[in-house]
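# Observations on the model geometry
So you can see what is in the structure, the chains are spelled out below.
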Amino acid sequence: MVTETAHTVQVLQGTPVVSGVAYGPALLARGDVPTEAIEAFGRGSYADADAALSAYERAAAAVADGFAAKASSVSGAAAEVLAASAGLARDKGLRSIVRKQLASGSSILSSLHTAVEHFAGLFTQMGGLMAERVTDLHDIERRITAHLIGVAEPGVPVPAVPSVLLARDLAPSDTALLDPALVLALVTELGGPTSHTAIIARQLGIPCVVGTVGLADVTEGALVLVDGTTGTIQIAPDPEKAAAAAEADAVERATLATWSGPAVTADGVSVKLLANVADVPTAQSAATAPVEGVGLFRTELSFLNRADEPSIEEQAAIYADVLAAFGEGRHVVARTLDAGSDKPIAFATHQGEENPALGVRGLRLSFDNPGLLDRQLDALAAAAASSGVETWVMAPMVATVAEASSFAEKVRSRGLRPGVMIEVPSAALQASRMLEVVDFLSIGTNDLTQYTMAADRMATDLAHLTDAWQPAVLQLVAMTAAAGVTARKPVGVCGEAAADPLLACVLVGLGITSLSMAPAAVRPVGAQLGRVTMADCRRAAEAALAAVDPEAARAAVREALG
Ligand code: PEP
Ligand code: MG
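Computed from a predicted structure; not experimentally measured. (Residues numbered from 1 in each chain as written. Chains lettered and ligands numbered in written order. Predicted model: local features only at pLDDT ≥ 70, side-chain atom pairs only at ≥ 80, totals over all residues. Heavy atoms only, no water.)

## Section: the UniProt feature "binding site: Mg(2+)" (unreviewed entry) in the protein
Note the threshold: UniProt positions are given in the numbering used here, feature names are shortened, and annotations may be inferred rather than shown by experiment. Only DSSP runs of H or I covering at least 4 residues are called helices, and only runs of E covering at least 2 are called strands; the numbering of each starts at the N terminus. Contacts are assigned to residue pairs that have any heavy atoms within 4.5 Å of one another. Definition of a polar contact: a pair of N or O atoms within 3.5 Å, with one able to donate and the other able to accept a hydrogen when the atoms are protein atoms, and with sequence-neighbouring residues admitted only if both atoms are side-chain atoms.
In the numbering used here, UniProt assigns the feature "binding site: Mg(2+)" (unreviewed entry) to Glu 423 and Asp 447. Taken together, the annotated residues stretch across 25 residues yet fold into one region, lying no more than 5.2 Å apart by C-alpha. Topologically, Glu 423 is positioned in the loop between strand S14 (417-422) and helix H14 (425-429). Apart from residues lying up to four places away in sequence, Glu 423 is in contact with Arg 335, Pro 396, Met 397, Gly 444, Asp 447, Leu 448 and Tyr 451. There is a polar contact of 2.8 Å between the side chain of Glu 423 and the backbone nitrogen of Met 397.

Following this line, the structure appears as structure tokens:
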């Protein structure tokens with residue numbers, strides 16, 4: 001949507017995913033190799049197909065080496081992302097298709113394109129996390145092309161002054177190296193609220209808007225004001241007012257950074273803030289954040305690269321290290337393997353499903369392989385015993401009360417506390433009955449939104465649907481939270497929705513008792529809750545439920561909270 005304000009400032013609207021205000025010159029990420037250079041190159045001048053293949057190999061190796069060099073200069077998630085891109089550039093499957101295409105007489109650029117499209121099609125079919133790698137593949141194609149024709153690799157230029165980065169889409173290899181001192185905000189045309197871009201922006205603590213219509217028309221260097229709370233991008237706003245808004249927000253963010261927990265509303269109601277963790281290193285780092293424990297330990301993420309199922313002892317050792325990071329009165333909610341769909345795990349995922357998101361994923365894997373779940377629960381029980389840390393265990397992708405009941409029995413028989421995730425609309429509709437058989441619920445708003453709106457959470461062009469502010473999603477959250485209030489049992493939220501400070505107030509107003517999120521989001525959420533009363537939160541919840549769409553819901557909640 002493009003609107004004009006009274007001062008004829010052009011305003012673009014996108015989906016806000018990380019709050020905050022930033023003002024600065026637009027820096028356009030150069031996504032493409034110049035068409036003229038490609039046309040001038042044509043088929044290239046190679047003696048034969050072998051010579052062309054050697055040129056491809058040199059170009060692919062140069063791209064892979066570039067990624068590897070960057071990977072060695074950083075650590076953590078950024079290094080992993082870059083190492084994975086290096087591996088993809090060197091991929092033998094890609095080379096093999098290029099070789100066959102060249103042998104059949106195709107030009108080098110069209111051979112490369114065919115190979116990339118072949119794998120992009122496969123990844124898209126696999127869905128989820130694999131589908132996100134399509135962005136990587138296209139990024140690699142552009143970089144190899146650039147080397148072949150002898151121009152600079154495209155990508156995110158390093159800004160000379162602090163700038164707002166605008167892109168059609170950002171590849172993980174682009175975002176892994178962003179410097180928050182130079183990149184003030186991220187704005188993309190594609191990408192959804194759970195996309196890679198959104199996750200990186202949250203980690204960097206910079207405002208982010210995705211799914212922005214009309215972004216392609218913004219010119220390099222134009223001054224833009226980004227509001228990550230409303231999702232608006234103003235082009236050439238009043239400079240003084242824009243600078244003042246960004247300055248006030250910077251002061252505000254600096255204050256947030258000092259918040260030290262625990263979370264209580266202005267009228268003294270406690271809300272548990274918890275961390276989402278993936279493995280031992282992320283757990284150890286999350287343990288230093290002001291959190292009361294872990295609300296979602298995604299156990300499957302420790303096994304993404306494993307071909308075979310780890311033994312009970314090996315699993316127990318990993319789980320014990322995660323639990324041990326949260327001793328001293330904190331508790332950890334471990335989720336049993338959520339393999340399948342967006343998280344393919346070689347030893348568990350069913351192959352060849354037509355529609356993996358609706359297939360055998362999460363708890364469903366135990367239907368024909370109960371031993372997989374049993375062994376994991378044995379490992380979790382052993383880790384809980386050896387670490388002495390309070391351990392709750394929940395199942396992902398639960399659809400019926402019978403599934404919840406049989407899971408709860410297995411967990412209780414091992415002396416652990418059972419719960420289930422509410423990710424499927426049928427589970428939300430049955431929340432009261434779920435609470436008759438389990439001790440707690442945890443709402444996975446990423447999947448609950450995907451299944452309620454029938455919109456792939458990884459789809460880059462459905463940002464307006466894959467938005468937890470959709471009133472239909474909030475209705476299901478409200479039902480689930482109300483069931484918890486009646487049953488006097490905890491109901492938390494562990495999807496991305498919990499990381500949105502404004503939405504957090506709505507969730508608390510609906511009766512949610514804990515919010516689990518990426519550690520980087522904890523301080524802004526905690527500080528926001530400290531500024532509002534329970535009555536404010538209830539008013540915000542009513543306003544959000546009454547709104548017709550996410551945009552109206554955000555506006556109504558901002559007004560309700562003053
Ligand atoms: C969710 O679906 O909201 C959730 C927390 O689980 P995941 O994102 O791991 O699917
Ligand atoms: Mg989920």
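What follows continues from the structure just given.
## Concerning the coordination of the magnesium ion (ligand 2)
Think of it this way: four donors in a tetrahedron around the metal ideally sit 109.5 degrees apart, and six in an octahedron ideally sit 90 or 180 degrees apart. Rules: Metal-coordinating donors are taken as N, O and S atoms lying within 2.8 Å of the metal, or within 3.2 Å when the metal is Na, K or Ca; because water is left out, some sites can appear incomplete. For the exposure calls, accessible area comes from a 1.4 Å probe over protein chains only, and a residue counts as buried if that area is under 20% of its type's maximum, exposed if over 50%, partly exposed in between.
Listed as protein donors to the magnesium ion (ligand 2) are Glu 423 (OE) and Asp 447 (OD); their distances from the metal cover 2.0 to 2.1 Å. Here Asp 447 lies in helix H16 (residues 445-453) and Glu 423 lies in the loop between S14 and H14, a separation of 24 residues in the sequence. Overall, Glu 423 belongs to the buried group, its relative accessible area being 2%.

## Some words on the pairing of strand S15 (residues 440-443)
This is how it is decided: Any two strands with at least two DSSP bridges between them are considered paired.
Side chains Phe 440 and Ser 442 of S15 all project onto a buried face; the interleaved residues Leu 441 and Ile 443 project onto the opposite face, where all are buried too. Pairing of S14 with S15 involves four bridges; the strand directions are parallel. Within S15, the residue paired with Gly 419 across the bridge is Phe 440. Of the strand pairs in this sheet, S15 and strand S16 (residues 491-493) are connected by three bridges, and their pairing is parallel. Looking at S16, one finds that Leu 441 is bridged to Val 491.

## Thoughts on H16
The buried count for H16 comes to eight of nine residues, which makes it a mostly enclosed element. Among the residues of H16, Thr 445, Asn 446, Asp 447, Leu 448, Thr 449, Gln 450, Tyr 451 and Met 453 are the ones counted as buried. Buried positions along H16 lie against strand S11 (293-298), S14, H14, S15, helix H17 (471-487) and S16. Ala 454 lies just past H16 and shows a positive phi near 50 degrees.

## Let's talk about the UniProt feature "domain: PEP-utilising enzyme C-terminal" (unreviewed entry) in the protein
The UniProt record marks residues 262-529 with the feature "domain: PEP-utilising enzyme C-terminal" (unreviewed entry), using the residue numbering of this structure. The distance separating the terminal C-alpha atoms of residues 262-529 is 10 Å; by composition the span is 40% helix and 15% strand.

## Concerning the pattern of salt bridges
Our working rule: What makes a salt bridge here is a side-chain nitrogen of Lys or Arg within 4 Å of a carboxyl oxygen of Asp or Glu, nothing more.
In total, this model carries 22 salt bridges according to the counting rule given. Residues Arg 414 and Asp 374 are paired through a salt bridge, measuring 3.8 Å at the closest nitrogen-oxygen approach. Within this pair, whereas Arg 414 is found in the loop between helix H13 (401-412) and S14, its partner Asp 374 is found in helix H12 (residues 370-387), the two being separated by 40 residues in sequence. Exposure remark for Asp 374: the relative accessible area of 22% places this residue in the partly exposed category. When the shortest N-O distance is used, the salt bridge between Asp 439 and Arg 412 registers 2.6 Å. Placement of Asp 439 in the loop between helix H15 (431-437) and S15 and of Arg 412 in helix H13 is noted, with a sequence separation of 27 residues between them. With relative accessibility at 40%, the residue Arg 412 sits in the partly exposed group. A single salt-bridge network, built from bridges that share partners, covers Glu 300, Arg 335, Asp 338, Arg 361, Asp 447 and Arg 457.

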